[in-house]
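# Breakdown of the fold
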Amino acid sequence: MEDKSFPSSHILIFPLPLQGHITPMLHLAELFCLANLKVTFLNTNKNHKLLTQHTDIQARFARYPSFRFETIPDSPSKDQPQAQAQAQAQAQEQEQKRAQKQAQAQAQEQEQKQAQEQAQAQALALAVKRSNLKDALEALHEALAPSAEPLLRELLFGTRDKITCFIIDGWLRFAYEIASEAEVPVIAFRCPSACCIWAYFCIPHIIEAGEVPFKDNEEMDQLVKNVPGMDSFLRCRDLPSFCREQDMSSCCELQEYFVGEIQRTKYAHSFILNTFEDLEGPILSQIRSQCSTVYSIGPLHAHLKYRLGKGETPLSNNSSSSLWEVDKSCISWLDQKPDKSVIYVSLGSTTTLTKDQLTELWTGLVQSKRYFLWVVSPNVIIEGGLDSPTPNDLLEGTEKRGCIVKWSPQDEVLTHRAIGGFLTHSGWNSTLESIVAGVPMLCWPHFADQQLNSRFASEVWRIGLDMKDTCDRTIVEKMINDLMDGKKDELQRSAKRVSQEAKKSISEGGSSYSNLNRLIEDIIAMSNK
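Here's a quick rundown of the structure.

Sheet architecture is open: seven strands sit in the order β3-β2-β1-β4-β5-β6-β7, paired in parallel fashion. The open sheet is flanked by β3 (67-72) and β7 (294-296), the only strands paired with a single partner. Here the average twist between neighbouring strands, direction ignored, is 20°. With six bridges joining them, strand β2 (residues 38-44) and β3 adopt parallel strand pairing. Residue pairing for β3: Val39 is matched across the bridge by Phe67. On top of the sheet, helix α20 (residues 511-528) reaches β1 (10-14), β4 (165-169), β5 (186-190), β6 (270-273) and β7; it is set at about 135° to β7, its chief contact.

Dropping the structure here:
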């Protein structure tokens, strides 16, 4: 399967510049490197700087001579040549002030760069949080397309170092269009679960049948009839969050938008999903009825670890891709706690809470009398946050039983013997990490695919409890105790079974292992045509 000669196949990989998308795409890139395929990975300047600052990413990929990073500006810089010319003219006219002016120019450039990065970050945050998906995606395109297009054209139309195929992540319409113009085969990669992707495929039918928009809150628990394979358990409240609070006009726009996106995916050469057959086989069958070639090769983080450890001289399994500095002091704190006694709380990199939500969640955690490790990133709180006055009982309860960090080594945390449950936002990366670790989940989803993931975790896979659409301290306390005690045995049995299925899928001969081999062989065949 693997050609050990110098690689002739060249893969271009372009993730959405968000933590939850960069992580699995880097795992995929390294899996290709292990198969001796050439890989170019596109990243924004800001995210690449953060990766090099907080991880060993340079050393990790330096061992693969066929891999390289390419970076794109965080925003367009059309005025930069003019600014440089002016600076040179001033330097010629006033040589004696050159050093001072250069220092001033550097300071201004740094300020401008920071402002550009902040503007793009705000646009991207808006893109994942707004309920109007079409507008959100258009905002994303406006932020990313102008800065990415020049490099994409250089790479895709270049005659040297020709690209064999382009693996595109997310809803990057402009990247599909450039690849089509360059006649480079596109392999679509979607970071969410298969169940979420299938719901996306069905959104035009849901809207046409009048199941969206919802007329009132009483309809939230009605079953959705137009998502084949889910009609017995999927409720309106379990649909992707952007299906809520839509009027008919916006629904028509949403329907038209999804028809275009679905067609783009169908016309791609093939389709990669970060999942495995034993977990989402029936839904994968539905997707395969619409897409000719689908590779389920997940869970990618565990798949990479398995293949890294296969060789005669196993490579390091340190595959962190965090954009934030990790606080590993929490591991020492966990070391001092009994087995399966701690609930781990992390709501991902894009979820935000109001002050009231924070208070209710925190109070429920403290009142549960359980040990808890809580990730509270600096940007998770709106309306004041943790700097505002905090009731003494919360401070005392946290001091006795809690540990709060800004960012954690999540994969290491979930596999720690002290962790007994995971209060999660149900992002797909977190869900897969919890599945592999065999840790039951308390699901508190917020937007997009998280709504579906939480429903499947509770009703289909039976590895978690669903707490969506509520944030009350009494409910939080009760459901934590159900997770850690009342329903502990049945949840842990299911979690152990699904974990074993995940590990089997990525082992030699397993479904994901075989599918990745087939994907690599197909890419090599492309370069031989």
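Time to look at the sheet that holds strand β13 (residues 464-466). Strands sit in the order β10-β9-β8-β11-β12-β13 across an open sheet of six strands; the sheet is parallel. A strand with exactly one partner marks an edge of an open sheet, and here the two such strands are β10 (402-405) and β13. Each strand axis lies, on average, 15° off the axis of its neighbour in the sheet, ignoring direction. Bridging between strand β8 (residues 342-346) and strand β11 (residues 419-424) involves five bridges; their strand directions are parallel. Its bridge partner being in β11, Tyr344 is matched across the sheet by Phe422.

Mapped onto the fold, Ala182 is located in helix α7 (residues 173-182). Take Ala182: its relative accessible area is 14%, and that puts it in the buried class. Here the alpha-carbon distance between Ala182 and Leu155, two residues 27 residues apart in the chain, equals 9.8 Å. Ignoring any residue separated from it by four or fewer positions in sequence, one finds Ala182 in contact with Leu156 and Phe157.

For the coordinates displayed, the defined rule picks out 15 aromatic pairs. Judged by centre distance (6.1 Å) and plane angle (25°), the rings of Trp198 and Phe201 are stacked. Pair noted here: Trp198 and Phe201 are both in helix α8 (residues 194-208), with a separation of three residues, about one helical turn. Each of the two residues, Trp198 as well as Phe201, counts as buried. Relative to Phe422, the ring of Tyr344 lies with its centre 5.0 Å away and its plane at 25°, an arrangement referred to as stacked. One end of the pair, Tyr344, is in strand β8; the other, Phe422, is in strand β11, with 78 residues separating them in the sequence. Just as Tyr344 is buried, Phe422 falls in that class too. Over the ring of Tyr513 we find Arg307; its NZ or CZ atom is 3.7 Å from the centre of that ring. Over the face of the ring belonging to Tyr371 we find Lys337, whose NZ or CZ atom lies 5.4 Å from the ring centre.

Conventions adopted
Sequence positions are assigned chain by chain, starting from 1 and proceeding in written order. Confidence filtering applies because this is a predicted model: local features only for residues at pLDDT of at least 70, side-chain atom pairs given and counted only at 80 or more, and all residues used for totals across whole chains, interfaces and linings. Water and hydrogen atoms were dropped before computing side-chain values, which therefore reflect all heavy atoms in the structure. We call two strands paired when DSSP finds no fewer than two bridges between them. Each helix is a run of DSSP H or I of at least 4 residues and each strand a run of E of at least 2, with the numbering of both proceeding from the N terminus. To obtain an axis, a line is fitted to C-alpha atoms, over the contacting stretch when the element is a helix, and the angle between two such axes runs from 0 to 180 degrees between their N-to-C directions. Residues count as neighbours in contact if any of their non-hydrogen atoms are within 4.5 Å of one another. Burial classes: relative accessible area under 20% of the type maximum marks a residue as buried, over 50% as exposed, and values in between as partly exposed (1.4 Å probe, protein chains only). The pairing test for Phe, Tyr and Trp rings, Trp by its six-membered ring, is centres within 6.5 Å, and the orientation test on the planes gives stacked under 30 degrees, edge-to-face over 60, and tilted for anything in between. Definition used: whenever NZ (Lys) or CZ (Arg) falls within 6 Å of the ring centre and also within 35 degrees of the ring normal, the charge is taken to sit over that ring.

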